[in-house]
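Coordinates in review
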Amino acid sequence: MYQNNQTMESKETKQPSQKYPEPEKKIENTDKAKEPDIVSEPAIAYGNFRYSYADYLSWTDGKMRELLNGIAYAFSAPFREHAGITMELAGKAWSYIKQRKGKCKIYHAPFDVRLPLNGATADDKIYNVVQPDICVVCDPSKLDERGCLGAPDLIVEVISPSTGKRDLNEKFDLYEAAGVKEYWVVYPKDKAITVFLLRENGEYDDGKTYQVIEETTKISVHTLKGLIIDLNELFEE
């Protein structure tokens, strides 16, 4: 998610994360306002707790968090370069949709995306809540007053040192399992973007990487037909 300057990692180095069966029931907590146990890298369970979206809604300390398979992860505000890239991408997509009066909606963090797996949509049965840097949602039925319930059509994550492994492992597997059709991973330091597309078998392809140093610096956005992102403009100093 936030911060920047992570170097580009090869898709071959990605270690497969566990799939997402329904986690074991959380140990009963009578104090609903109690601050959750938090972990960062590496992605491992902390204690015996598996938090749900219902727990997530009860936390009132104002900290920014995500839930991945019931584990709470804290994150901080973005660095300037990270924020600039996010706003540049989001701005281009927003303008494209607006000019064409498209039905898709674009959002940037903080914006809660609930990804229910195994068909469970009740608050206390949702164990995955993410805040992607950018997401595009083309199905209005997935949007409500609390954010998005279900898989966006496109998700963009800008790599950072603290979250890079998570973006390429736990989140990669989660987005694939949830059915996110297009997943972009942005590497600010390398001035590169890797695009993964969901195949008919429900798995992502091997991904295609675009970089400023190469001849091909323009990327077509599959979710928004006709929108082209020029990396030279995106990563312009």
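Residues numbered from 1 in each chain as written. Predicted model: local features only at pLDDT ≥ 70, side-chain atom pairs only at ≥ 80, totals over all residues. Heavy atoms only, no water.

Bringing the packing of aromatic side chains into the picture now. Using the criterion set out here, one finds 11 aromatic pairs in the structure. Ring plane angle 35° and centroid distance 6.3 Å describe the contact between Y183 and Y204, whose orientation is recorded as tilted. Here the residue Y183 occupies a position in strand β10 (residues 182-187), and Y204 occupies one in the loop between β11 (192-197) and β12 (208-211), the gap between them amounting to 21 residues. An aromatic cluster is present here, built from F172, Y175, Y183, F196 and Y204 joined pairwise through their rings. (Phe/Tyr/Trp six-rings, centres within 6.5 Å; stacked < 30°, edge-to-face > 60°. Helix = DSSP H or I, 4+ residues; strand = E, 2+ residues; numbered from the N terminus.)

What the six strands build is an open sheet, ordered β3-β6-β9-β10-β11-β12; its pairing is mixed. Every other strand in the sheet has two partners, leaving β3 (105-108) and β12 as the edge strands with one partner each. The mean angle between the axes of side-by-side strands here comes to 15°, regardless of whether they run parallel or antiparallel. Where β11 meets β12, four bridges bridge the pair, whose relative direction is antiparallel. Opposite V195, over in β12, you have K208 as the bridge partner. Strands in contact with helix α2 (residues 80-99) are β3, β6 (134-137), β9 (154-158) and β10; relative to β3, the strand with the most contacts, it is inclined by about 170°. (Pairing = 2+ DSSP bridges. Axes fitted to C-alpha atoms, helices over the stretch in contact; angles between N-to-C directions. Contact = heavy atoms within 4.5 Å.)

Look at the link from A109 to P110: it is a cis peptide, with omega at 5°. Locating P110 in the fold gives a position in the loop between β3 and β4 (113-114). At N118, a residue that is not glycine, the phi angle is positive and equals roughly 60°. Mapped onto the elements, N118 comes out in the loop between β4 and β5 (129-130). Located in the positive-phi region is K191, a residue other than glycine, with phi close to 50°.

Before going further, it helps to spend a moment on the state of the cysteines. The final tally for this structure, using the stated rule, is one disulfide. One disulfide bridge connects C104 with C138, the sulfur atoms lying 2.0 Å from each other. Since a negative S-S torsion denotes a left-handed disulfide, the C104-C138 link at about 100° is right-handed. Highlighted residues: C104 in the loop between α2 and β3 and C138 in the loop between β6 and β7 (143-144), separated in sequence by 34 residues. In terms of burial, C104 and C138 fall into one category: buried. Unpaired in terms of disulfides, C148 finds its nearest cysteine sulfur in C135, a separation of 6.1 Å. (Disulfide = S-S within 2.5 Å. Buried < 20%, exposed > 50% of the residue type's maximum accessible area, 1.4 Å probe, protein only.)

Looking now at the confidence of the model for the chain. Looking at the chain, pLDDT values average 84 and 78% of them are 70 or higher. When the criterion is pLDDT under 50, residues 11-33 qualifies, and its contacts beyond four places in sequence or with other chains add up to 43 contacts. (pLDDT = per-residue confidence, 0-100.)

The next point concerns the side chain of T163. Relative to the assigned elements, T163 resides in the loop between β9 and α3 (164-168). Under the relative-accessibility criterion, T163 is labelled buried at 4%. Of note is the side chain of T163, whose polar atom sits 2.7 Å from the side chain of S160. (Polar contact = N/O pair within 3.5 Å; in protein donor to acceptor, adjacent residues only side chain to side chain.)

What follows concerns helix α4 (residues 170-178). For α4, the tally of buried residues reaches seven of nine residues, placing the bulk of the element in the interior. For α4, the full list of buried residues reads E170, K171, F172, D173, L174, Y175 and E176. Contacts from the buried residues of α4 go to β1 (65-68), β5, β9, α3, β10 and β11. A positive phi of about 95° marks G179, the residue just after α4.

Take α2 next. Taking 1.5 Å per residue as the helical rise, α2 with its 20 residues ought to reach 28 Å, and the 28 Å between its terminal C-alpha atoms agrees with that figure. Here α2 has its buried residues at H82, I85, T86, L89, A90, A93, Y96 and I97. One side of α2 holds all its buried residues, which, seen down the axis, span an arc of 125°. Turned more than 90 degrees off the buried face of α2, the exposed positions are R80, K98 and Q99. Residues of α2 that are buried in the fold lie against β3, β6, β9, β10, β14 (228-230) and α5 (231-234). (Expected span 1.5 Å × (residues − 1). Arc of directions from axis to C-beta.)

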